[in-house]
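Here are the chains, one letter per residue:
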Amino acid sequence: MDVRIETGWKNVLKTEFSKPYFENIASFLHTEKEHGKIIYPPGKQIFNAFEMTPFSALKVLLLGQDPYHRPGQAHGLSFSVPRNTVPPPSLKTIFAELHADTGIVPPSHGCLEAWAAQGVMLLNAILTVEAGKPASHSDIGWMEFTDAVIRTVSQQKEHIVFLLWGNFARSKKSLIDSSRHCVLEAAHPSPLARGAFYGSRPFSKTNAYLVSKGINPIDWHL
């Protein structure tokens, strides 16, 4: 597996890459591709969340579950899609809350790279998926890796905002030292949550916390 990962992340996670579970992930993905399976996101984008948000620049960690499983959507950032792709329903809900919370008019695209560039890590707990089969890679070892990522951030950084949306993300709260960080929980923005995400105000709350710690806030415009 082509582990293209920013140097800071590579240094703090180096012990993970040599563990058997990580080698098993690489072997599994290689075998799947050999058998003609289509895997999202494309190989060079699997670690996009790490590439686009260096460890030293991290301010916020927004945790998703697994990548979009339809063509042209997944590009290695949770909830985000490339600019030429129509925003999926969950992302439209996020944009509606962004507008209600901050007054920012939703963009015409669904690419969240501008957030990632400011220190918002858009991390999925599972980094790959088979085309058309949501959560198909949930048991191949990715969660052991991303649990280690969350634990490492909790232990080695201070004053990070963790955005945990939905029961799956909230189940990771035990990995985070809430005395050192801010944990903001909310319902998932999926339409299946029937609007429970609305009113959670994660964007203004995130910036209020950052400013209270002397950290520059996020410009949520896209």
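For the structure itself, look to the data block above.
All of these numbers come straight from a predicted model, not from anything done at the bench.

Enquirer: What's the story with the packing of helix α1 (residues 7-17) against helix α6 (residues 142-156) in this structure? I'm lost.
Expert: Axis separation between α1 and α6 bottoms out at 11 Å; the angle between their running directions is 135°. The angle between α1 and α6 places the two elements in the oblique class. As α1 runs across α6, the sense of the crossing is right-handed. Along the contact surface, α1 presents Trp9, Val12, Leu13, Glu16 and Phe17, while α6 presents Phe145, Ala148, Val149, Thr152, Val153 and Gln156. Within the contact of α1 with α6, the residues separate by chemical class into 8 nonpolar, 2 polar and 1 charged.

Enquirer: What's the story with helix α2 (residues 20-34) in this structure? I'm lost.
Expert: Given 3.6 residues to a turn, an α-helix orients residues that are three or four positions apart in the same direction. A rise of 1.5 Å per residue sets the reference length of α2, with its 15 residues, at 21 Å; its end C-alpha atoms lie 21 Å apart and thus fit the reference within 8%. Every buried residue of α2 is listed here: Tyr21, Phe22, Ile25, Leu29 and Glu32. The arc that holds the buried residues of α2, viewed along the axis, is 105°, so those residues lie on one side. Every exposed residue of α2 that faces more than 90 degrees away from the buried side is listed here: Pro20 and Glu34. The secondary structure elements touched by the buried residues of α2 are α1, β1 (39-40), β4 (129-130) and α6. After α2 finishes, the residue Gly36 shows a positive phi value of roughly 85°.

Enquirer: Would you mind showing me how to read the environment of Lys92 here?
Expert: Structurally, Lys92 is set in helix α4 (residues 89-102). Spatially, the C-alpha atoms of Lys92 and His109 are 9.9 Å apart, while their sequence positions differ by 17 residues. Residues in contact with Lys92, not counting those within four places in the same chain, are Val86 and Pro87.

Enquirer: Please explain the side chain of Thr152 as it appears in this structure.
Expert: Among the secondary structure elements, Thr152 is positioned in helix α6. Taking relative accessible area as the criterion, Thr152 reaches 10% and is therefore assigned buried. Contacts of Thr152, omitting those with residues within four sequence positions, involve Val12, Leu13 and Lys157.

Enquirer: I would appreciate a short explanation of the sheet that holds strand β6 (residues 182-186) in the present structure.
Expert: Strand pairing within a sheet occurs via backbone hydrogen bonds; the two strands may be parallel or antiparallel. Spatial ordering of the open sheet is given by β3-β2-β5-β6, a layout of 4 strands whose pairing is parallel. Edge strands, defined here as strands with exactly one partner in the open sheet, are β3 (120-124) and β6. The mean inter-strand angle of the sheet, taken between neighbouring strand axes irrespective of direction, is 20°. Relative to β3, strand β2 (residues 60-64) runs parallel, the two sharing 5 bridges. Pairing of Gly64 across the sheet is with Asn124, part of β3.

Enquirer: Looking at this structure, I do not really get the nonpolar core. What am I missing?
Expert: The nonpolar side chains of a soluble globular protein tend to be buried, and buried together. Counting 66 residues, the largest nonpolar core has Trp9, Phe50, Trp142 and Phe145 as the members making the most contacts within it. Those residues in contact with Trp9, other than ones at most four positions away along the chain, are Phe50, Thr53, Pro54, Phe55, Leu58, Met121, Val149 and Val153.

Enquirer: Please clarify how α4 should be interpreted in this entry.
Expert: If you check α4, its first and last C-alpha atoms are 20 Å apart, about what 14 residues at 1.5 Å a residue would give, namely 20 Å. When α4 is considered as a whole, its buried residues turn out to be Ser90, Leu91, Thr93, Ile94, Phe95, Glu97, Leu98 and Asp101. Against the buried residues of α4 lie α5 (113-116), β5 (161-165) and α8 (202-212). Of the residues trailing α4, Gly103 is marked for its positive phi of about 85°.

Calculation notes
Residues numbered from 1 in each chain as written. Predicted model: local features only at pLDDT ≥ 70, side-chain atom pairs only at ≥ 80, totals over all residues. Heavy atoms only, no water. Axes fitted to C-alpha atoms, helices over the stretch in contact; angles between N-to-C directions. Helix = DSSP H or I, 4+ residues; strand = E, 2+ residues; numbered from the N terminus. Parallel < 35°, antiparallel > 145°, perpendicular 65-115°, else oblique. Left-handed = near helix turned anticlockwise from the far one by under 90°. Contact = heavy atoms within 4.5 Å. Nonpolar A, V, L, I, M, F, W, Y, C, P; charged D, E, K, R; others polar. Expected span 1.5 Å × (residues − 1). Buried < 20%, exposed > 50% of the residue type's maximum accessible area, 1.4 Å probe, protein only. Arc of directions from axis to C-beta. Pairing = 2+ DSSP bridges. Core = buried A, V, L, I, M, F, W, Y, C linked by side-chain atoms within 4.5 Å.

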